[in-house]
Structures are given as C-alpha cells and as structure tokens.
Amino acid sequence: MEKNIGISFNNLLTEVIGKDLCNRCGGCVSFCSANGINALEIGEDGYPKYSDQEKCLQGGICYLICPQTKRLEEELKQKFDAKFPIGNWIDVFSARSTDIDVKKVATDGGVVTSLLSYLIESNKIDGAIVSKRIGACGNGPTIATSKEELLETAGSYYSEALHLDKLGSEYKSCFPVIKVIRESAKKNMKKLALVGTPCQIKAIRKMQLMNIVPSDMVIFTIGLFCLQCFTLEDLAKKEFAKLHNICIDDIVKVNIKDKLILNMKSGICIHVPLDVIEKIARPACIACDDFANDYADISVGGIGSDEGFTTVLIRNSLGREIYSEALYKGYIENKHDKCMHEKVESNYLIDIIKEFAIRKKARAQARLNSLIK
Ligand SMILES: Cc1cc2nc3c(=O)[nH]c(=O)nc-3n(C[C@H](O)[C@H](O)[C@H](O)COP(=O)(O)OP(=O)(O)OC[C@H]3O[C@@H](n4cnc5c(N)ncnc54)[C@H](O)[C@@H]3O)c2cc1C
Ligand code: SF4
Ligand code: SF4
C-alpha cells in the first residue's frame, strides 16, 4: 500500500486546488468529517478548505483518495483489471426502463432510475445517493429511498454534485450513539448504491481500497460516462449564448451524447458540437482522463444508443447479477433480443465508447503536459 509520510491537505492545496485541478467531488472533506477529524469543509466557492487546520492529523489520506492525484491508481487498475481505454467489461447493451413515469423524466432510457428502483424495492439497498435539482441551474446530492424519490432525481445535471460530501455527513449524522439508534430505526441505512461521475466513483473506490469509512456503506456503483461538466450559467454567458443562439430560459432539457443536445420550449433542438462546449468545461474536467467510469460496477451513458435508450456497460459479476435480475423482473428491457442484432450493436457500442475514452485521455494528457511546461 502507498506510503503517505509528510503529505497533508496542504499538498492538495498546492498540487490540485491551486492548479485548478480540483473537480469538487468532496472526497477529501467526506473522509475528514466522516472520521471525526473535522479539519476540512467545503467553502462558499464550492472548493474544499481548512475549517480548522489545528485539527489536521497530517495523515495524508485525503491526498491519497483524491481522484486527481495519481496515488493508488495502479492498485485500482489491478483490482478492477482496468485495461486501456475503457476498463474491464463483460457485456454491453442498449436498454430502457419499462416504466412510463421513469421514461418521462429520464435523461436517456431511464435505466439508472429503474435499476435503483429494483434495488430498493427488492431490499438489496436501503437508499441510493443521487442528484436532485436545486433552483434553476444547480444540483446537489440526496439519498433516495423510494421510487417516488428517485423520480424526483432522475435526469442529468451537468454541474458537479459533491456527492461524497453528502455521504460523509450522512455517515456522521449516524455516529453519536443515541442518534445512531434513532436514525437507524428511522432510516435503517447500511447499504447504499452510488450514482456518480468517474471522479466521484474513483474517490469512493480509493476509499474502499483503504477500508475507510463511510465507503463501506456503498455496495453498488452506477457510473455515468462523462466528458465534462459545466454549469448552465457558463452556457448562458453572453458571448457563448449569442454565438450559439441559446436562450438559457428556454431550455427544457439538456443532454450530452456525441454532442450537447438542448431541447427548447419551442420544440426545436439545438445541437452544440463537443469541441465548442469544451470551451466552457471546468479546467479540472479537461485534465480528467476517465470517460467510461472504469471503476463502476455498471457504466451508463447516452452515446451509441437511439433516443430513449441508455447504453449500459456491465463491468463485473455483481453488475451482471443486478442487471439480469432487473431485466428478469421486468424493470428494464434490452433493445434487442435477437443474438445477431445484439452482436452487431455490441461492437458498435464498444467502438464508440472507446473512441470517446481515447479522445478524453488525449485531452487530459495535453492539459497535464501544458501544466508541466
Ligand atoms: C456531468 C455528466 C456528464 C455526462 N456526460 C456524458 C457524455 O459525455 N456522454 C454520454 O453518453 N453520457 C453522459 N452522461 C450520462 C447521461 O447524461 C445519462 O446520465 C446516462 O445515460 C443515464 O441515463 P438514464 O436515462 O439511464 O438515467 P436516469 O434514469 O435519468 O438517471 C440519472 C441518474 O443520474 C443522477 N445524476 C444526474 N446528474 C448527476 C451528477 N451531476 N452527478 C451524479 N449523479 C447525477 C440522477 O440523480 C439520476 O439518479 C453524463 C452525465 C452527467 C451527469
Ligand atoms: S478529493 Fe475531490 S474535492 Fe478534494 S481536492 Fe481532490 S478533487 Fe478536490
Ligand atoms: S470530466 Fe466528469 S469525471 Fe472528470 S472531473 Fe469532470 S465531472 Fe468529474
């Protein structure tokens, strides 16, 4: 295991946050608060900072688990057999939810929401860490414990969600004994699923690798493909919006596939090429090299699939077991039953996921090279 002598949050301040590489996943703060150290907090700008430097134990765990440091990468790759360029996978599908209510609110085929509904309704998990909309442009983490709550959180929010910070505070809120009894009687949460971007999943995997609470509560991960995130405020920036004829108030749905797709109130659809939205990506996203969410149990995205379907990459036996059960119980359906069709489509789906993964890795390398110069 990695040695972390002499490393502390100060290293994250200089090497990650100071270089604009922090993706605001909240992992460092989550670790620090869940373990009762409480030296860190999320500042008003959304970035982690010292709340009380005196309390810092200088253990350097926050540095190891940060998805933007290279620490523990080799161990993760080995553990998950993550091969270039999209990690390990055992199956791929185009699929969708069978539930009309889910399909109405989902980003793509609603597979994520229906898989989580299945897990909750079959008591395999106590809740799912997902994102909910806050105000017109923002989003934040929440724990959904029923299909109704999941429906409120379906869809995709392209600004980051600080999911891991939620995990930390949920765990901590269960920590004092009396509260634990009360909270567990009320919520009885021991097993959670996590939906997240690659940076969020990577932080939790690093914590699991080191047996750090609260990562032990996460028993299943659904990873979203991710080229970048951005805020709707960035989209609305005058020059950008004018150049691409976007009126932010008229957007009813945002989706990223092989381009940014904006559905407008008028019914028209604006397609913005990816190299254009790269201009408003956070610098941390430009330096991030994981597109396919290599360390998730199941990875999902829209690319490669028809409108109304989700592309699903099954990565391991746990992913396969849960996906097959949800399929068998009728929560989701595959686009094709016939083996031949499936085979042709599988090759196509894998090729397109690889294309985007390679593109993202090249972009990250170029950005990191530019930081060294
Ligand atoms: C920031 C971001 C970038 C993405 N980039 C791509 C891309 O480049 N190419 C591609 O093919 N697909 C991308 N996706 C994935 C895609 O938008 C869909 O989320 C995915 O296809 C699942 O669709 P669904 O209908 O099955 O999910 P749904 O049933 O609609 O469920 C989506 C789930 O994701 C959760 N969620 C939404 N936003 C976030 C967030 N910011 N962080 C964590 N969880 C969140 C929701 O709460 C919900 O549980 C991206 C998603 C996000 C959030
Ligand atoms: S762990 Fe996440 S929030 Fe903390 S410094 Fe790293 S990227 Fe930023
Ligand atoms: S590109 Fe996606 S996974 Fe990478 S830092 Fe940005 S939000 Fe996280």
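Calculation criteria
- Residues numbered from 1 in each chain as written.
- Chains lettered and ligands numbered in written order.
- Predicted model: local features only at pLDDT ≥ 70, side-chain atom pairs only at ≥ 80, totals over all residues.
- Heavy atoms only, no water.
- Axes fitted to C-alpha atoms, helices over the stretch in contact; angles between N-to-C directions.
- Helix = DSSP H or I, 4+ residues; strand = E, 2+ residues; numbered from the N terminus.
- Parallel < 35°, antiparallel > 145°, perpendicular 65-115°, else oblique.
- Contact = heavy atoms within 4.5 Å.
- 1 Å grid on protein atoms, 1.4 Å probe; cavity = no way out; pocket = protein on both sides within 12 Å on 5 of 7 lines; lining within 4 Å.
- Points joined across faces, edges and corners; volume = space filled by probe spheres on them.
- Nonpolar A, V, L, I, M, F, W, Y, C, P; charged D, E, K, R; others polar.
- Patch = residues over 30% accessible without salt bridge, like charges linked within 9 Å, V, L, I, M, F, W, Y side chains within 5 Å.
- Areas by Shrake-Rupley, 256 points an atom, 1.4 Å probe, with all protein chains shown as cover.
- Salt bridge = Lys/Arg side-chain N within 4 Å of Asp/Glu carboxyl O.
- Lys, Arg positive; Asp, Glu negative; His and termini not counted.
- Charge placed at Lys NZ, Arg CZ, Asp CG, Glu CD.
- Near = heavy atom within 4 Å.
- Pairing = 2+ DSSP bridges.
- Phe/Tyr/Trp six-rings, centres within 6.5 Å; stacked < 30°, edge-to-face > 60°.
- Buried < 20%, exposed > 50% of the residue type's maximum accessible area, 1.4 Å probe, protein only.

### Some words on the packing of helix 6 (residues 111-121) against helix 15 (residues 317-328)
At a minimum axis separation of 10 Å, helix 6 and helix 15 run at an interaxial angle of 90 degrees. It follows from the interaxial angle that helix 6 and helix 15 lie roughly perpendicular. In this structure, helix 6 contributes Leu115, Tyr118 and Leu119 to the contact, and helix 15 contributes Ile322, Tyr323, Glu325 and Ala326.

### Regarding empty space enclosed by the protein
Scanning the entire structure with this criterion turns up four cavities of 30 Å³ or more. Approximately 130 Å³ is the volume attributed to the second largest cavity. Lining the second largest cavity are 19 residues; nearest its centre among them are Cys22, Cys25, Cys28, Pro48 and Cys66. Mapped by element, the contributors of at least two residues to the lining of the second largest cavity are helix 1 (9-17) and helix 2 (27-34). Here the lining of the second largest cavity is built from residues that sort into 13 nonpolar, five polar and one charged.

### Brief notes about a negative patch on the surface
Residues Glu121, Glu148, Glu149 and Glu152 make up a contiguous surface patch of negative charge. Ranked by residues supplied to the negative patch, first place goes to helix 7 (residues 147-153) with three residues. Turning to its location among the elements, Glu121 is positioned in helix 6.

### Observations concerning the site of ligand 3
With respect to spatial proximity, the complete set of residues near ligand 3 consists of Asn23, Pro198, Cys199, Cys226, Leu227, Gln228, Cys229, Arg282, Cys285, Cys288 and Lys360. Within the shell around ligand 3, the residues separate by chemical class into seven nonpolar, two polar and two charged.

### What about the sheet that holds strand 8 (residues 251-256)?
Spatial strand order, 8-9-10: three strands in an open sheet with antiparallel pairing. Only two strands of the sheet have a single partner each, and these edge strands are strand 8 and strand 10 (269-273). Each strand axis lies, on average, 20 degrees off the axis of its neighbour in the sheet, ignoring direction. Sheet analysis places strand 8 next to strand 9 (residues 259-264), joined by five bridges and oriented antiparallel. Its bridge partner being in strand 9, Ile256 is matched across the sheet by Leu260.

### Here's the deal with the packing of aromatic side chains
By the definition in use, this model includes six aromatic pairs. When the centroid spacing of 5.1 Å and the interplanar angle of 10 degrees are considered together, the rings of Phe93 and Tyr323 count as stacked. Of this pair, Phe93 sits in strand 3 (residues 91-97) while Tyr323 is found in helix 15, placing the two residues 230 residues apart along the sequence. A relative accessible area of 11% means that Phe93 is categorised as buried. Classification of Tyr323 by relative accessible area gives buried; the value is 2%. Here the aromatic rings of Phe225 and Phe291 are separated by 5.2 Å at their centres, their planes lie at 35 degrees, and the arrangement is tilted. Placement of Phe225 in the loop between strand 7 (218-224) and helix 11 (232-236) and of Phe291 in the loop between helix 14 (283-286) and strand 11 (298-301) is noted, with a sequence separation of 66 residues between them. Across the pair, exposure class does not vary: Phe225 and Phe291 are buried alike.

### A look at the pairing of strand 9
Taken together, strand 8 and the strand that follows it, strand 9, pair antiparallel across an intervening segment of two residues. Where strand 9 and strand 10 come together, five bridges link them in antiparallel fashion. Counted as the bridge partner of Lys259 is Pro273 from strand 10.

### A word on the environment of Lys190
As for its position among the elements, Lys190 is in the loop between helix 9 (177-186) and strand 6 (192-196). We classify Lys190 as exposed; its relative accessible area is 56%. Separated by 27 residues in the primary sequence, Lys190 and Met217 place their C-alpha atoms 5.7 Å from one another. If we ignore the near neighbours within four places in the chain, the residues touching Lys190 are Asp126 and Met217.

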